[in-house]
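Listed here are the chains, written in short residue letters.
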Amino acid sequence: MRTRFELADVVTLFGTKLISNVKLSRFQIKVLRKIAICRTAALGGHEEVCDSCGTVRYSYNSCGDRHCPKCQAARQAFWIDDLVQKTLPIKHYHLVFTVPHHLNAVCLHNQSVFYNLLFASVWNTLRAFGYSHFSVETGAVAVLHTWGQNLSFHPHIHCIVPAAGYTIDGQWKEIGHSGNYLYPINQLSESFKAHFLDSLKRTLRKKEELSLFFDTVQMAYKTRWVVHCEPSLANADHVVKYLGQYTHRVAITNKRILDIADGKVTFIAKDYRDNAIKKPVTLEGVEFLRRFTLHILPSRFVKIRHYGIYNHTAKSHMGLLFVPEKKPDIDALINRQNPPETGLQRFERLTGVNPCKCPMCKSGRMVAIRELPRIRAPDCFFPVQFSALN
């Protein structure tokens, strides 16, 4: 259901001016264009009619881009459902690794390299602490986020870490300190800082770019780094669904956009300096869109990564023979002989929403009777610069 204001409206209204004022990559412009035409006639669709009341509806195709706020609900639901089946039935910890804001300039210089170093440093730190504190190979599921509530640039990684691992001799061992904390936070923060800055300096030196950011890196050494760790969450399904809130989020959802008027965009954001109270924030339309483009990830970049005992390749190389089994799913065993559910059936099971149900009579089913071909929208439909990337 369309909200009153959408990110697509912001792109359509301010996209041309943004491209004129700010240097964007070709890929960023492509993403903006996809958002502008998502679920419109430009992408084609189907004409549907209700088999009960005869209501006619036109359903247009989605763009499928991971930065589009309209296209993530199904992906998020499916990802959570898949991971729930693979998650160990044990306690997990939720950790957040952040970097100081003055490293943002280094990140924006080469986002792909910076994010890869961030992932590597997070896992190297967790892996080293697993061995040094509990003598185990543990694991993690890590998700990259790049934004704050007001669309500011704030790269950080969310992790769920199982409270168990394998010892060197292949024995299963539970870890953590009575569920209160996993590792000493101060030690974890210092180790993460050392891992990351060391790898960053070596990478910049190899690219002959260290001189460009030498002062910035030195300042980062003097800054206090923050790693946040919450007490363990006992239920595996709960922790996966908790992480699922972060996996397929985009920088701004349509529901948060309150108004577009007088060249400005007003949206809701939590103020963490004031007990996370939700407050309206107003930005110039071009500035709003500029901030959004900061969070467009490099093409084909993997933002969700599995490590250690949660990585299939690593498990096969380690020769892990024992994995705690979940209790059998009785419903799954009973229905094993039934044909596999379709994507629509799975979406309805996970979200409780049936996209084929008639919105008018609530009892009929919408049946596609005609395919609507993709069309080239008129120039006024979206900025002319986007048209060249068709």
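Residues numbered from 1 in each chain as written. Predicted model: local features only at pLDDT ≥ 70, side-chain atom pairs only at ≥ 80, totals over all residues. Heavy atoms only, no water.

Caption draft 1: Molecular detail of a nonpolar patch on the surface. Together, Val-56, Tyr-58 and Tyr-60 make up an exposed nonpolar region whose accessible area comes to about 280 Å². When you line up the elements, Tyr-60 lands in strand E2 (residues 56-60). (Patch = residues over 30% accessible without salt bridge, like charges linked within 9 Å, V, L, I, M, F, W, Y side chains within 5 Å. Areas by Shrake-Rupley, 256 points an atom, 1.4 Å probe, with all protein chains shown as cover. Salt bridge = Lys/Arg side-chain N within 4 Å of Asp/Glu carboxyl O. Helix = DSSP H or I, 4+ residues; strand = E, 2+ residues; numbered from the N terminus.)

Caption draft 2: Representation of the nonpolar core. Within the largest apolar cluster, 46 residues are counted, with the highest numbers of intra-cluster contacts made by Leu-103, Leu-126, Phe-196 and Leu-200. Counting residues per element, the ones that place at least two in this core are strand E3 (92-98), helix H4 (104-109), helix H5 (111-134), strand E5 (139-147), strand E6 (153-162), helix H6 (185-206), helix H7 (210-222) and strand E9 (227-229). Per-element accounting of this core gives the leading share, 10 residues, to H5. Ignoring sequence-local partners within four residues, the contact set of Leu-103 consists of Phe-114, Phe-196, Leu-197, Leu-200, Thr-216, Ala-220 and Trp-225. Counting residues in hydrophobic clusters, the runner-up holds 36 residues, among them Leu-7, Ile-252, Val-265 and Leu-289. (Core = buried A, V, L, I, M, F, W, Y, C linked by side-chain atoms within 4.5 Å. Buried < 20%, exposed > 50% of the residue type's maximum accessible area, 1.4 Å probe, protein only. Contact = heavy atoms within 4.5 Å.)

Caption draft 3: Looking closely at the packing of aromatic side chains. Applying the stated rule across the entire model yields 13 aromatic pairs. The interplanar angle of 65 degrees and the centroid separation of 5.4 Å between the aromatic rings of Phe-129 and Tyr-183 together place this pair among those described as edge-to-face. In this pair, Phe-129 is assigned in helix H5 and Tyr-183 in the loop between strand E8 (172-174) and H6, connecting sequence segments 54 residues apart. By relative accessible area, Phe-129 is classed as buried at 7%. Overall, the relative accessible area of 1% leaves Tyr-183 in the buried class. Each member of the aromatic cluster is reached from another via a ring pair, and the members are Phe-97, Phe-114, Tyr-115, Phe-119, Phe-192, Phe-196, Trp-225 and Phe-301. Above the face of the Phe-119 ring, Arg-305 is positioned so that its terminal group lies 4.2 Å from the ring centre. (Phe/Tyr/Trp six-rings, centres within 6.5 Å; stacked < 30°, edge-to-face > 60°. Lys NZ or Arg CZ within 6 Å of the ring centre and 35° of its normal.)

Caption draft 4: Spotlight on empty space enclosed by the protein. According to the stated counting rule, one finds two cavities of 30 Å³ or more in the structure shown. When its volume is computed, the largest cavity comes out at roughly 120 Å³. At four residues, the largest contribution of residues to the lining of the largest cavity is made by E5. When its residues are assigned to classes, the lining of the largest cavity shows seven nonpolar, four polar and three charged. Approximately 70 Å³ is the volume found for the second largest cavity. As for the second largest cavity, its lining consists of Val-106, His-109, Asn-110, Val-113, Phe-114, Leu-117, Leu-200, Thr-203, Leu-204, Lys-207 and Glu-209. Contributing elements (two or more residues each) for the lining of the second largest cavity: H4, H5 and H6. Looking at side-chain class alone, the lining of the second largest cavity contains six nonpolar, three polar and two charged residues. (1 Å grid on protein atoms, 1.4 Å probe; cavity = no way out; pocket = protein on both sides within 12 Å on 5 of 7 lines; lining within 4 Å. Points joined across faces, edges and corners; volume = space filled by probe spheres on them. Nonpolar A, V, L, I, M, F, W, Y, C, P; charged D, E, K, R; others polar.)

Caption draft 5: Spotlight on the pairing of strand E10 (residues 257-261). Note that E10 and strand E11 (residues 264-271) share four bridges and pair antiparallel. Following the sheet pairing, Ala-261 is matched in E11 by Lys-264. Adjacent in sequence and paired antiparallel, E10 and E11 are bridged by two residues, among which Asp-262 carries a positive phi angle near 55 degrees. (Pairing = 2+ DSSP bridges.)

Caption draft 6: Structural context of the environment of Ser-20. As for its position among the elements, Ser-20 is in helix H1 (residues 7-21). A relative accessible area of 54% places Ser-20 in the exposed class. From its side chain, Ser-20 meets the backbone oxygen of Thr-16 in a polar contact 3.0 Å long. (Polar contact = N/O pair within 3.5 Å; in protein donor to acceptor, adjacent residues only side chain to side chain.)

Caption draft 7: Structural detail: the side chain of Asp-65. As for its placement among the helices and strands, Asp-65 is situated in the loop between E2 and helix H3 (73-86). By relative accessible area, Asp-65 is classed as buried at 7%. Only 2.8 Å separates the side chain of Asp-65 from the backbone nitrogen of His-67, close enough to count as a polar contact. Aside from chain neighbours lying at most four places away, what touches Asp-65 is Val-31, Lys-34, Cys-71, Gln-72 and Arg-75.

Caption draft 8: Structural context of the side chain of Gln-28. Here Gln-28 lies in helix H2 (residues 26-37). Those residues within four positions of Gln-28 in sequence are excluded, and the remaining contacts are Thr-293 and Ile-296.

Caption draft 9: Spotlight on the sheet that holds E11. Strand order in the open sheet made by the three strands is E10-E11-E12, with antiparallel pairing throughout. Either end of the sheet is taken by a strand with one partner, and the two such strands are E10 and strand E12 (277-284). Direction aside, neighbouring strands of the sheet carry axes that sit 25 degrees apart on average. Across eight bridges, E11 lies against E12 in antiparallel orientation. The partner of Thr-266 across the bridge, within E12, is Thr-282. Sitting on the sheet, H1 is in contact with E10 and E11, with an inclination near 20 degrees to E10. (Axes fitted to C-alpha atoms, helices over the stretch in contact; angles between N-to-C directions.)

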